[in-house]
Amino acid sequence: MFGKAIAEFEFTLVFADAPLDQFARGDRYAMTAAEKRGALLFFGKAKCVQCHAVSGRTAVGESNEMFTDFEERVIGVPQVAPFFGVGQGNVTFDGPGQDEDFGLEQISGNPDDRYKFRTAPLRNLAVAPGFFHNGAFIRLEDAIRHHLNVYKSARTYDPVEAGIPKDLSHRLGPIEPVLKRLDPLLQSPIHLSKGEFDDLVSFIRDGLLDERVKAENLCKLVPAQVPSGLPVLQFEACQKEKTDSQTGNQQ
């Protein structure tokens, strides 16, 4: 019963009714002009769909509307490697300097899998706090720029400029060994004009966003109390939403 109850709740957390979905069902006005132009770039010139696929067979099954082929690839993500120890970090990293993340190799034991990570789904990224497996970027625009010119992005990466938390910005691992294994699909830079780039961001950020994932909607799912009488977890976003609401009411 516990399992069935949790499963039923999780079914309600499938949020796939974005403007793109509504447009695909026939609502011609569901997407903005910028989102439509961005979609054409996503499926065309920008070549995003080569990895963030929506159809076709992969090594692990069918791609689907999650915008991923579920493959493991090296995409040149900067090696963010906090120091290990009390008050510093709780993870011992890979490599001779303990400042690398070997990715899939940790699981497979195969050196050929070093630095590989799964292609991430793209839905609802507008509410994501960070991007890539280690949160190396916190701005969606930066994550997209990285894909368009991996060599430049990786070699000029500045964790402070990227805006990541201070405890993650003290140390970077070597990037050249990662770039030597870069997936062929990402080795050639893709040049977009500023307008094209803005349109691509608009599609990925807003065209794939289901409004139900926003804090003001999800926070309504958190019960005030539970039958066991145990304290209910408090989520930062919900506390902020509550504070903002109260402030607005007072004003």
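The shown structure was predicted, so the numbers you read here are calculated from the model rather than taken from an experiment.

Counting secondary structure elements, the chain contains 11 helices and four strands. Oriented by its inertia axes, the alpha-carbon framework of the chain measures out at about 55 × 50 × 45 Å. Taking all 251 residues of the chain together, 37% fall into the buried category. Long-range pairs, those at least 24 residues apart, make up 62% of the contacts in the chain with a sequence separation of at least 6. For the chain, the accessible area works out to roughly 15400 Å², and carbon and sulfur atoms hold 56% of it. Here the chain carries 28 positive and 35 negative side-chain charges, and the mean point of each set is 3 Å from the other.

This paragraph deals with the side chain of Ser-202. For Ser-202, the location among the structural elements is in helix α9 (residues 194-207). On the basis of relative accessible area, Ser-202 is assigned to the buried category, the value being 8%. In this structure, Ser-202 is in contact with Thr-32, Ala-34, Glu-35 and Gly-207, ignoring residues within four places of it in sequence.

For the structure shown, the criterion picks out seven aromatic pairs. With a centroid separation of 5.0 Å and an interplanar angle of 70 degrees, the aromatic rings of Phe-42 and Phe-43 are classed as edge-to-face. Ring centres of Phe-137 and Tyr-157 lie 5.2 Å apart, and the angle between their planes is 85 degrees; on these two criteria the pair is classed as edge-to-face. Taken together, the residues span a long stretch of sequence, with Phe-137 in the loop between β4 (117-118) and α5 (140-148) and Tyr-157 in the loop between α6 (150-155) and α7 (159-162) at a distance of 20 residues. For the pair Phe-137 and Tyr-157, one class covers both residues: buried.

With that out of the way, let us pick up the nonpolar core. With 23 residues, the main nonpolar core has Phe-42, Ile-144, Leu-200, Phe-203 and Ile-204 as its most contacted residues. Elements represented by at least two residues in this core include exactly α3 (33-43), α5 and α9. Ranked by residues supplied to this core, first place goes to α9 with five residues. Look past the residues within four positions of Leu-200 in its chain and what remains in contact with it is Gly-38, Leu-41, Phe-42, Ala-46, Cys-48, Ile-144 and Leu-192.

One way to put it is that α5 packs onto α9 with a least axis distance of 10 Å and a crossing angle of 120 degrees. As the angle between them shows, α5 and α9 are arranged oblique. The hand of the α5/α9 crossing is right-handed. Across the interface between the two elements, Leu-140, Glu-141, Ile-144, Arg-145 and Leu-148 from α5 touch Phe-197, Leu-200, Val-201, Ile-204 and Arg-205 from α9.

The tally for this structure, following the rule as stated, stands at one disulfide. Between Cys-219 and Cys-238 runs a disulfide, and the two sulfur atoms are separated by 2.2 Å. Residues Cys-219 and Cys-238 share a disulfide whose torsion about the S-S bond is about -100 degrees; that sign makes it left-handed. With Cys-219 in the loop between α10 (215-218) and α11 (236-250) and Cys-238 in helix α11, the pair connects residues that are 19 residues apart, well separated along the chain. No difference in accessibility class separates Cys-219 from Cys-238, as the two residues are buried. Cysteine Cys-48 remains unbridged, with the sulfur of Cys-51 as its closest cysteine sulfur at 9.2 Å. Residue class for Cys-48 comes out buried when judged on its relative accessible area of 17%. Overall, Cys-51 belongs to the buried group, its relative accessible area being 12%.

Moving on to unusual backbone geometry. One non-glycine residue with positive phi stands out, namely Phe-70, at about 65 degrees. Position of Phe-70 among the secondary structure elements: in the loop between β2 (61-62) and β3 (72-73). Notably, Asn-124 is not glycine yet its phi reads approximately 60 degrees, a positive angle. Tracing the backbone shows Asn-124 in the loop between β4 and α5.

Axis separation between α3 and α9 bottoms out at 7 Å; the angle between their running directions is 100 degrees. One way to sum up the angle between α3 and α9 is to call them roughly perpendicular. Residues Ala-34, Glu-35, Arg-37, Gly-38, Ala-39, Leu-41, Phe-42 and Phe-43 of α3 lie in contact with α9, whose contacting residues are Glu-196, Asp-199, Leu-200, Ser-202, Phe-203, Ile-204, Asp-206 and Gly-207. Of the residues in the contact of α3 with α9, the class split is eight nonpolar, three polar and five charged.

So, how was this worked out
Residues numbered from 1 in each chain as written. Predicted model: local features only at pLDDT ≥ 70, side-chain atom pairs only at ≥ 80, totals over all residues. Heavy atoms only, no water. Helix = DSSP H or I, 4+ residues; strand = E, 2+ residues; numbered from the N terminus. Buried < 20%, exposed > 50% of the residue type's maximum accessible area, 1.4 Å probe, protein only. Contact = heavy atoms within 4.5 Å. Areas by Shrake-Rupley, 256 points an atom, 1.4 Å probe, with all protein chains shown as cover. Lys, Arg positive; Asp, Glu negative; His and termini not counted. Charge placed at Lys NZ, Arg CZ, Asp CG, Glu CD. Phe/Tyr/Trp six-rings, centres within 6.5 Å; stacked < 30°, edge-to-face > 60°. Core = buried A, V, L, I, M, F, W, Y, C linked by side-chain atoms within 4.5 Å. Axes fitted to C-alpha atoms, helices over the stretch in contact; angles between N-to-C directions. Parallel < 35°, antiparallel > 145°, perpendicular 65-115°, else oblique. Left-handed = near helix turned anticlockwise from the far one by under 90°. Disulfide = S-S within 2.5 Å. Nonpolar A, V, L, I, M, F, W, Y, C, P; charged D, E, K, R; others polar.

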